[in-house]
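Observations on chain architecture
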Amino acid sequence: RKEVEQDPGPFNVPEGATVAFNCTYSNSASQSFFWYRQDCRKEPKLLMSVYSSGNEDGRFTAQLNRASQYISLLIRDSKLSDSATYLCVVNWGRDDKIIFGKGTRLHILP
Amino acid sequence: DAGVIQSPRHEVTEMGQEVTLRCKPISGHNSLFWYRQTMMRGLELLIYFNNNVPIDDSGMPEDRFSAKMPNASFSTLKIQPSEPRDSAVYFCASTRRTQGNTIYFGEGSWLTVV
């Protein structure tokens, strides 16, 4: 099983719709989780951390399921500017090894 | 505050030449990461340092790749000799070694080996 796995997409979603993607991780000892966003030809940037109880930031909701070892990202009322690649990030813990998924490409259609 | 600074931003070199990529992490950060990104393989962790010490270099593709961190404010990634399959974007990133701290990326070094 790969360390961090994501559906590569692309997800083609009409503007205003709700979209969700998951990410699975193999190391049950993982302690920190994040979603990053990467625009074309740019560096990845933090979108939001993922907390055990789930957390929300405006239109974005992140959740963690430790039992099944996955995290999720939900985007409500999607905007054209949400088009990007979304990277799942897992901190392996003790040695702070930070592993990225390959990303899920999202295209918001007008 | 200055972010992670990488140089060069773009480099085109001929196969067989030595390539050196440079990185200055954010001041106060004590973990530094080198990643390589290609369309096919995504973002791959090559090596990372904690307090200037290499912790895990299992992602370094082969002996042609080497990385150093002589002090807390500088790191290099060297490829010698370079090959066309090394063409990629190389990102340097840094963070403060505390649970949950954000990892910050440089703008990347775009390498093309012809």
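An account of the accompanying structure is given in this report. (Residues numbered from 1 in each chain as written. Chains lettered and ligands numbered in written order. Predicted model: local features only at pLDDT ≥ 70, side-chain atom pairs only at ≥ 80, totals over all residues. Heavy atoms only, no water.)

1. Considerations on the sheet that holds strand S6 (residues 55–57) of chain A
Whether parallel or antiparallel, the strands of a sheet pair through hydrogen bonds between backbone atoms. All names here are of chain A. Spatial ordering of the open sheet is given by S1-S3-S8-S7-S6, a layout of five strands whose pairing is antiparallel. Of all the strands in the sheet, just strand S1 (4–6) and S6 have a single pairing partner and so form its edges. The sheet shows a mean angle of 20° between the axes of neighbouring strands, taken without regard to direction. Strand direction decides the pairing type here: S6 and strand S7 (residues 60–65), joined by three bridges, are antiparallel. When the sheet's bridge partners are listed, Asn55 is paired in S7 with Ala62. (Pairing = 2+ DSSP bridges. Helix = DSSP H or I, 4+ residues; strand = E, 2+ residues; numbered from the N terminus. Axes fitted to C-alpha atoms, helices over the stretch in contact; angles between N-to-C directions.)

2. Here we look at the sheet that holds strand S1 (residues 5–7) of chain B
All names here are of chain B. Taken in spatial order, the four strands make up an open sheet running S1-S3-S8-S7, and their pairing is antiparallel. Each edge of the open sheet carries a strand with a single partner, namely S1 and strand S7 (65–71). Sheet twist, expressed as the average angle between the axes of neighbouring strands with direction ignored, equals 15°.

3. Considerations on the interface of chain A and chain B
Listed by partner, the interface residues are 19 residues for chain A and 25 residues for chain B. Roughly 1900 Å² of surface becomes buried between chain A and chain B when both sides are summed, with 53% attributable to carbon and sulfur atoms. Where chain A meets chain B, there are zero salt bridges. Inspection of the region where chain A meets chain B yields three residue pairs in polar contact (both at pLDDT 80 or more). Looking at the side of chain A that touches chain B, the elements with two or more residues in it are strand S4 (32–38) and strand S10 (98–100) of chain A. By residue number, the principal contributor to the side of chain A that touches chain B is S4(A), which donates four residues. (Contact = heavy atoms within 4.5 Å. Buried area = accessible area lost by both parts, 1.4 Å probe. Salt bridge = Lys/Arg side-chain N within 4 Å of Asp/Glu carboxyl O. Polar contact = N/O pair within 3.5 Å; in protein donor to acceptor, adjacent residues only side chain to side chain.)

4. What about unusual backbone geometry?
Between B:Ser7 and B:Pro8 the backbone carries a cis peptide bond, its omega angle lying at -10°. Considering the arrangement of structural elements, one finds B:Pro8 in the loop between S1 and strand S2 (10–13). The omega torsion across B:Gln80 and B:Pro81 is -10°, close enough to zero to call that bond cis. Topologically, B:Pro81 is positioned in the loop between strand S8 (74–79) and strand S9 (88–95). The backbone of A:Asp77 shows a phi angle near 45°, a positive value even though the residue is not glycine. Its location among the elements puts A:Asp77 in the loop between strand S8 (70–75) and strand S9 (84–91). At B:Asn52, a residue that is not glycine, the phi angle is positive and equals roughly 75°. The residue B:Asn52 is located in the loop between strand S5 (42–50) and strand S6 (53–56) in this model. For B:Asn52, a relative accessible area of 28% puts it in the partly exposed group. (Buried < 20%, exposed > 50% of the residue type's maximum accessible area, 1.4 Å probe, protein only.)

5. Things to note about the pattern of salt bridges
Residue and element names in this part refer to chain B. Counted by the stated rule, this structure contains 13 salt bridges over all chains. In this structure, the salt-bridge partner of Lys78 is Glu18, at a minimum N-O distance of 3.9 Å. On the criterion of sequence distance, the pair formed by Lys78 in strand S8 and Glu18 in the loop between S2 and strand S3 (19–24) is long-range, its members being 60 residues apart. Note on Lys78: relative accessible area 30%, which makes it partly exposed. Here Glu62 and Arg85 are joined by a salt bridge, their closest N and O atoms 3.2 Å apart. Linking Glu62 in the loop between S6 and S7 with Arg85 in the loop between S8 and S9, this pair joins segments that are 23 residues apart in sequence. Take Arg85: its relative accessible area is 54%, and that puts it in the exposed class. One connected set of salt bridges, linked through shared partners, spans Glu62, Arg64, Glu83, Arg85 and Asp86.

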